[in-house]
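A look at the structure
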Amino acid sequence: MNDAVKRHEYDVVVIGAGGAGLRAAIEASAMGVRTALICKSLLGKAHTVMAEGGIAAALGNVWKEDNWKVHFRDTMRGGKLLNHWRMAQIHAQEAPDRVLELEEWGALFDRTKDGLILQRDFGGHRYARLAHVGDRTGLEMIRTLQDHAVHRGIDVFMETTMFRLLTEDGRVSGAIGYDRQKGELALFHAKAVVLATGGVGKAWKVTSNSWEYTGDGFAMALEAGAELIDMEMTQFHPTGMVWPTSVRGLLVTEGVRGDGGTLKNANGERFMFKYIPEFFKAETADNEAEADRWYEDKTNRRTPDLLPRDEVARAINAEVKAGRGSPHGGVFLDIASRRSAEYIKRRLPSMYHQFMQLAGVDITKEAMEIGPTLHYIMGGVRVDPDSTQSTVPGLFAAGEVAAGMHGANRLGGNSLSDLLVFGRRAGLYAAEYAKRLARMPLLDEQQVSRRSQEILAPLERRGGENPYALHAELTDTMQDLVGIIRTADELRQALTRIDSLRTRAARCAVASGRVYNPSWHLALDLRTMLLCSEAVTRSALLREESRGGHTRDDYPKPDPDWGKKNVVTRLRDGQVELRTASLPEAPSELRALLGEEKPSAKVAVPAGAE
Amino acid sequence: MPNVKVNVFRGDASGGQLKRYDVPTDPGMVVLDVVHRIQATQEPDLAVRWNCKAGKCGSCSAEINGLPKLMCMTRMDTFEEGEEITVTPVKTFPVIRDLVTDVSYNYEWAKTIPAFKPKPKEADGTRRMYQDDVERVQEFHKCIECFLCQDVCHVIRDHEEDKAGFAGPRYFVRLAALEMHPLDTNDRTELIRQKYGLGYCNITKCCTDVCPEHIHITDNAIIPLKERVVTSTYDPVGWALRRMRGKPATLAAGEPEPPSA
């Protein structure tokens, strides 16, 4: 068999070309190091393109009272204080500059009446804070970064998936994977690697994530010796489409609720008032009249429809279980009764289009049917908060693949800003690291040969398991047993099934032909998805409390002791091994910002709000 | 739901043929679901490019019964019951495998377009633009780069030899977005005239018809660009001087005819 590998050499290799990867590559290239950007799909198609609502940044254009301290507070409280305080601080402080920088590169956000960037309301954010372009903010962001990267002349390798990192004496020396268009193995010899590979939503059946989301970065990091933290923290976005089946899970932006949409059960009841947790009572309206006034007058407390995502997803789940769901097993999201057709079409054009074309529902006239969908993994690679370097020298991580920033639950809008802030830092510090290295790390040729054989192995087997069937079994397992509400018993059952699936996945046989072979690709993705699924499930079993994106039916309350701990995952001799580590404590001046806060009566009328 | 009969192109750069599949369907399915079902149950190596499955990324472009469309946004219930459906790769670009084509032509053109170059900030350090001023360009920014406009454009669809001198509707939209950006200071008019081949477009509006984002490519991007090129190259004084000196007026491709004397 021909196992020739196409070799490339760079200082910094960025794996993943969504917002974080593009921003990292731009920064590394600006630092003057040889930079490669590896794209699992075509350039500009990464998951960032699907982000709808906006980029959270305390620009203060709509509410001048907004500033980084309020944003920091909202992020930490939304994350149930499990966030790394330093990441949340850096993020809140740097997000405005990163948004304004996009404008310098040609992005065109919606405007206030004064001609500044308009900001919209979103769940968990004290003030209207999200810079946006209608409901296609992600497209604006990725295209702006893409065009800027292209003009910088960065080398881009499209439709190329990295499956394994290479190391020399415990530090990064490169990565190896599969170039679909050429049908050959590709090896990137590098001084530093930035992981910007996103999450692992494709291990669940109902997800807003595309086929690319198979946990490549989590698995590569683990296998290279890095640590992951808090993999049990999985975000179920409360509003995914539920019907037709073929679009089940497809995202419905939180902007629908930010712009006035409310949740209702089959009896027409606005049920969120029943699910306001103690933690958010002081700042949440407990009656419809006050909630309705809040949209125009922020001296009122905010509507519970815009509680953080974990709270809303659990509430919807409970309503459906209680038999008050919609015909297709969700609940109703209604914006038509509050807003005009013209307003809805202008603010939410792609939602209008998506429901009209795919479900035959006119959202300017009728309510949408929605339900929770696996959307995001808060857990991920444990990184240094300032430099984004993992516990493996030369390995950096930014965006969804990294952990710490969002704690136990991510606020909407904080992902796009995370990508920009930590993408830039990853590129910067990876480039600095590469410059400091006296020589290229050596490639271990035995390692290269072993990894090549591993990648090619499914092509050589005959009559084994079908990867599509195994993938369906895995997504059923994670959906049924590692979902929104978890129990020790079900998590143990999940581990047994994952174990058996792993044995079978090692026997996957795929159709022949190396060029653009999706069955071969899926066989390789299965390995990473299974490793990630085990990490999530084991972490979920260990954390005996309910917090943010992790809810245990057998431990239904948050536990103050667990609130001070990260669950750390690593591999030892190929086996997943867990331990806990103390969460770093914020300095007292930042801790003082984190208390409950009622809306102040002296809040001004918004400057340029519509 | 009855089974549907689907013909799918199977092959690569060296050629191929349509293969017929009998596929069970469910309510609400789109063409991409049918292709995925074939992949999962009958042809594991059937190559198809896709990502978001929501009409937002522009990956799953193909020709469905000969019409350029996104597979993820084409519902099966838009076909007559019993109607045979044929899915082929976009015709303008070379096949890599099955429904996947080599669209690098587009990315190569993108590299050549001079970058956004903003004017200085306001005195107070801000950037002020008004909604009315940005909306025109926001329409162009809706482009999801599905390249269906490039696929349908007859200038390159039927003339491989013209690809080197014609950037195509997608990049006219991109150029229009830059030229009409309220902050941009770069002037690309001469390049649009000489290099990007705007003059080849004879505004048949095929691109506008297939745009899944409903961008008015011809009316709002191409025609205003043509007008800009005309304005900047229309120089009646120079033309009259050349006539008086007896030198023939030489026209570059796309340059408008001078007015008849």
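All figures in this text were calculated on a predicted structure; none of them were measured in a lab.

**A few points about the interface of chain B and chain A**
- Contacts between chain B and chain A engage 45 residues on the former and 45 residues on the latter.
- Broken down by element, the residue count for the side of chain B that touches chain A peaks at five residues, all from helix α3 (residues 131–141) of chain B.
- Split into classes, the residues belonging to the side of chain B that touches chain A amount to 23 nonpolar, ten polar and twelve charged.

**Quick word on unusual backbone geometry**
- Residue A:P244 is bonded to the preceding A:W243 through a cis peptide linkage, with omega at -5°.
- With respect to the element layout, A:P244 can be found in the loop between β11 (234–241) and α6 (255–258).
- A positive phi angle is found at B:D98, which is not glycine, with a value near 50°.
- B:D98 gets classed as buried once you count the C-beta atoms within 10 Å, which come to 28.

**Side note on the environment of A:R410**
Residues and elements named next belong to chain A.
- Tracing the sequence through the fold places R410 in the loop between β16 (395–397) and α11 (414–436).
- With 29 C-beta atoms counted inside 10 Å, the residue R410 sits in the buried group.
- Along the sequence, R410 and K281 sit 129 residues apart, while their C-alpha atoms lie 19 Å from each other.
- Among all residues touching R410, those that are not within four sequence positions of it are Q235, Y376, M378 and S415.

**What about the domain arrangement of chain A?**
Residues and elements named next belong to chain A.
- In terms of domains, chain A is made up of domain 1 (5–233 + 378–436), domain 2 (237–374) and domain 3 (450–565).
- Each of domain 1 and domain 3 has a C-alpha centre, and these two points are 24 Å apart.
- Listed by partner, the interface residues are 36 residues for domain 1 and 30 residues for domain 3.
- At the level of secondary structure, the elements contributing two or more residues to the side of domain 1 that touches domain 3 comprise β7 (160–168), β8 (171–179), β9 (184–195) and α5 (216–223).
- With four residues, α5 is the largest single contributor of residues to the side of domain 1 that touches domain 3.
- When the residues that make up the side of domain 1 that touches domain 3 are grouped by side-chain class, the tally is 19 nonpolar, eight polar and nine charged.

**Looking at the nonpolar core**
Residues and elements named next belong to chain A.
- With 259 residues, the main nonpolar core has V14, V194 and L195 as its most contacted residues.
- With 13 residues, helix α15 (residues 518–542) is the largest single contributor of residues to this core.
- If we skip the residues at most four places from it in the chain, V194 touches V12, V14, I15, A24, F396, A398, A426, G427 and A430.

**Section: the sheet that holds strand β14 (residues 368–377) of chain A**
All names here are of chain A.
- The four strands lie next to each other as β11-β14-β13-β12, forming an open sheet whose pairing is antiparallel. Of all the strands in the sheet, just β11 and β12 (262–264) have a single pairing partner and so form its edges. Pairwise comparison of adjacent strand axes, ignoring direction, gives a mean angle of 45° for this sheet.
- In this structure, β12 lies alongside strand β13 (residues 331–334), joined through three bridges in antiparallel fashion. Bridge pairing in β13 places T262 opposite D334.

**Observations regarding the pairing of β11(A)**
Residues and elements named next belong to chain A.
- Within β11, eight of the eight residues are buried, which leaves the element mostly enclosed by the surrounding structure.
- Pairing of β11 with β14 involves six bridges; the strand directions are antiparallel. Across the sheet, the residue bridging to M241 is I370, located in β14.

**A word on the packing of helix α2 (residues 68–78) of chain A against helix α3 (residues 85–104) of chain A**
Residue and element names in this part refer to chain A.
- Contact geometry of α2 with α3 gives a least axis separation of 8 Å together with a crossing angle of 140°. When the interaxial angle is binned, α2 and α3 end up oblique. Between α2 and α3 lies a crossing whose hand is right-handed. Residues W68, H71, F72, T75 and M76 of α2 lie in contact with α3, whose contacting residues are W85, A88, Q89, H91, A92 and Q93.
- Looking at the contact of α2 with α3, its residues break down into six nonpolar, five polar and no charged.

**As for the sheet that holds strand β10 (residues 228–229) of chain A**
Residues and elements named next belong to chain A.
- Strand order in the open sheet made by the four strands is β15-β10-β19-β20, with antiparallel pairing throughout. A single partner strand is all that each edge strand has here, and the edge strands are β15 (380–381) and β20 (575–582).
- Inspection of the sheet shows β10 paired to strand β19 (residues 565–572) by two bridges, in the antiparallel sense. Paired with L228 across the two strands is T569, which belongs to β19.
- Against the sheet, α5 makes contact with β10, β15 and β19, and its axis sits at roughly 70° relative to β19, the strand it touches most.
- Lying on the sheet, α15 is in contact with β10, β19 and β20; it crosses β20 at an angle near 45°.

**Describing the packing of helix α6 (residues 169–179) of chain B against helix α9 (residues 217–233) of chain B**
Residue and element names in this part refer to chain B.
- For the pair α6 and α9, interaxial distance at closest approach is 9 Å and the crossing angle is 65°. The angle between α6 and α9 falls in the class roughly perpendicular. Helix-helix and strand crossings are classified by hand; for α6 and α9 the assignment is left-handed. Where α6 abuts α9, its residues P169, F172, V173, L175, A176 and E179 lie against I217, A221, I222, P224, L225 and R228.
- Along the lines of polarity and charge, the residues of the contact of α6 with α9 split into ten nonpolar, no polar and two charged.

Procedures and definitions
- Residues numbered from 1 in each chain as written.
- Chains lettered and ligands numbered in written order.
- Predicted model: local features only at pLDDT ≥ 70, side-chain atom pairs only at ≥ 80, totals over all residues.
- Contact = placed C-beta atoms within 7 Å.
- Helix = DSSP H or I, 4+ residues; strand = E, 2+ residues; numbered from the N terminus.
- Nonpolar A, V, L, I, M, F, W, Y, C, P; charged D, E, K, R; others polar.
- Buried ≥ 20, exposed ≤ 12 C-beta atoms within 10 Å, placed from the backbone.
- Domains from an automatic or database assignment.
- Core = buried A, V, L, I, M, F, W, Y, C linked by C-beta atoms within 7 Å.
- Pairing = 2+ DSSP bridges.
- Axes fitted to C-alpha atoms, helices over the stretch in contact; angles between N-to-C directions.
- Parallel < 35°, antiparallel > 145°, perpendicular 65-115°, else oblique.
- Left-handed = near helix turned anticlockwise from the far one by under 90°.

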